[in-house]
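Observations on the model geometry
The chain contents come next:
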Amino acid sequence: MVWTPAQTGAFLDLAETRNDRYYELYHLIAHRGLRRGEACGVHWTDLDLDEGSLTVRWQITQHGGETVMGAPKSDAGDRQISLDADTVTVLRHRRSRQNAHRLSHGRHWTDNGLVFTEPNGAPLIPDDVTSHFKELVTAAGLPPIRLHDLRHGAATLALAAGADIKTVQELLGHASIAITADTYAHILPELAREVAENVARLIPRQKNARPIKA
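The notes below deal with the structure included here.

What counts, and where the lines are drawn
Residues numbered from 1 in each chain as written. Predicted model: local features only at pLDDT ≥ 70, side-chain atom pairs only at ≥ 80, totals over all residues. Heavy atoms only, no water. Helix = DSSP H or I, 4+ residues; strand = E, 2+ residues; numbered from the N terminus. Buried < 20%, exposed > 50% of the residue type's maximum accessible area, 1.4 Å probe, protein only. Contact = heavy atoms within 4.5 Å. Phe/Tyr/Trp six-rings, centres within 6.5 Å; stacked < 30°, edge-to-face > 60°. Pairing = 2+ DSSP bridges. Expected span 1.5 Å × (residues − 1). 1 Å grid on protein atoms, 1.4 Å probe; cavity = no way out; pocket = protein on both sides within 12 Å on 5 of 7 lines; lining within 4 Å. Points joined across faces, edges and corners; volume = space filled by probe spheres on them. Nonpolar A, V, L, I, M, F, W, Y, C, P; charged D, E, K, R; others polar. Core = buried A, V, L, I, M, F, W, Y, C linked by side-chain atoms within 4.5 Å.

This part takes up the overall build of the chain. Counting secondary structure elements, the chain contains nine helices and five strands. Ordering the α and β elements of the chain from the N terminus gives α-α-α-β-β-β-β-β-α-α-α-α-α-α. Counting the 214 residues in the chain, one finds 41% classified as buried. In the chain, the proportion of contacts linking residues at least 24 apart, taken out of those at least 6 apart, comes to 59%.

Turning our attention to the packing of aromatic side chains. Enumeration over the complete set of coordinates arrives at six aromatic pairs. Their ring planes at 45 degrees and their centres at 5.3 Å tell us that Trp3 and Phe11 sit as a pair that is tilted. Given the relative accessible area of 0%, Phe11 is considered buried. Here the aromatic cluster, defined as three or more aromatic residues joined through ring pairs, consists of Trp3, Phe11, Tyr22, Tyr26 and Phe133.

This part is about the side chain of His174. Relative to the helices and strands, His174 is located in the loop between helix H7 (165-172) and helix H8 (177-183). Setting aside chain neighbours within four positions, we find His174 in contact with Arg35, Arg151, Gln169, Ile179, Thr180, Thr183 and Tyr184.

A few words on the pairing of strand E2 (residues 53-56). Neither face of E2 is exposed, since Ser53 and Thr55 on one face and Leu54 and Val56 on the opposite face are all buried. Strand direction decides the pairing type here: strand E1 (residues 47-48) and E2, joined by two bridges, are antiparallel. Counterpart to Leu47 in the pairing with E2 is Leu54. Here E2 runs beside strand E5 (residues 79-82); their pairing, made up of four bridges, is antiparallel. Residue pairing in the sheet places Leu54 in a bridge with Ile81 of E5.

Turning our eyes to something else, we now look at unusual backbone geometry. In this structure, Asn19 takes a positive phi of about 55 degrees despite not being glycine. Tracing the sequence through the fold places Asn19 in the loop between helix H1 (5-17) and helix H2 (23-32). Given a relative accessible area of 47%, Asn19 falls into the partly exposed group.

This brings us to helix H6 (residues 147-160). Compared with an ideal rise of 1.5 Å per residue, which puts 14 residues at 20 Å, H6 spans 20 Å between its outermost C-alpha atoms and is within 8% of the ideal. With 11 of 14 residues buried, H6 lies mostly within the body of the structure. Residues Leu147, Asp149, Leu150, Arg151, His152, Gly153, Ala154, Ala155, Thr156, Ala158 and Leu159 constitute the buried set of H6. Positive phi appears at Gly162, one or two residues downstream of H6, with a value of about 110 degrees.

So, about the layout of surface pockets. Roughly 320 Å³ of volume is contained in the largest pocket. For the lining of the largest pocket, the elements supplying multiple residues, two or more each, are helix H3 (36-40), strand E3 (59-63), helix H5 (126-140) and H6. In terms of residue count, the dominant contributor to the lining of the largest pocket is E3 (four residues). Residues that form the lining of the largest pocket fall into these classes: five nonpolar, six polar and four charged.

Another aspect to go through is the environment of Glu16. Secondary-structure assignment places Glu16 in helix H1. Classification of Glu16 as partly exposed rests on a relative accessible area of 46%. Taking the C-alpha atoms as reference, Glu16 lies 9.9 Å from Val90; in sequence the two are 74 residues apart.

So, on to the nonpolar core. Core analysis: the biggest nonpolar cluster contains 45 residues, and Phe11, Leu25, Tyr26, Leu47 and Phe133 have the highest contact counts within it. Mapped onto this core, the elements with two or more residues apiece are H1, H2, H3, E2, helix H4 (85-105), H5, H6 and H7. It is H2 that contributes the most residues to this core, six residues altogether. Among all residues touching Leu47, those that are not within four sequence positions of it are Val42, Ser53, Leu54, Leu83, Leu91 and Val115.

Distances and angles like these do not, on their own, reveal function.
Right under this line is the structure:
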């Protein structure tokens, strides 16, 4: 299940209004389709906010109570993702907020280069990010979805915006285009019809043209 664009917007509005500690991370997943671990593992050196790009190089995975920093899933790492202007603004705000946390914690700040951290600079625990997401969804009164479904929603929105399946494959970091096509097969026919209608609207016709006789 994925949310409608309006529902996704309502969720992000609530998180932003509350100045939620994970707002910027949820925004990034909802817009650019990162996996949970990939979002938790983003470093500032992976970002070029002037050019509007993010290179996915790391992920934080959780094994019971332990977390591990490593490379993303096979064939999914070191992919470059373009960032929209709104997401760049959100990430710049994240940097300002983190700088404020760094100053307030002084010598107790954990400096690891991560974009998304606890207020003391410690890496995020992925399961905590998921648990908090569920709480926010309930508070927003929205249909319950998984955090991973924000990633699916980003892919669906990209397709609806006109991205081809290859572009979405590269966005998500799927090992093959077949995985992407199989995952989103249920919406591709509807999008294909929409494309066909859009193409038809581009062809000018005379309103009073005579019908073709059989």
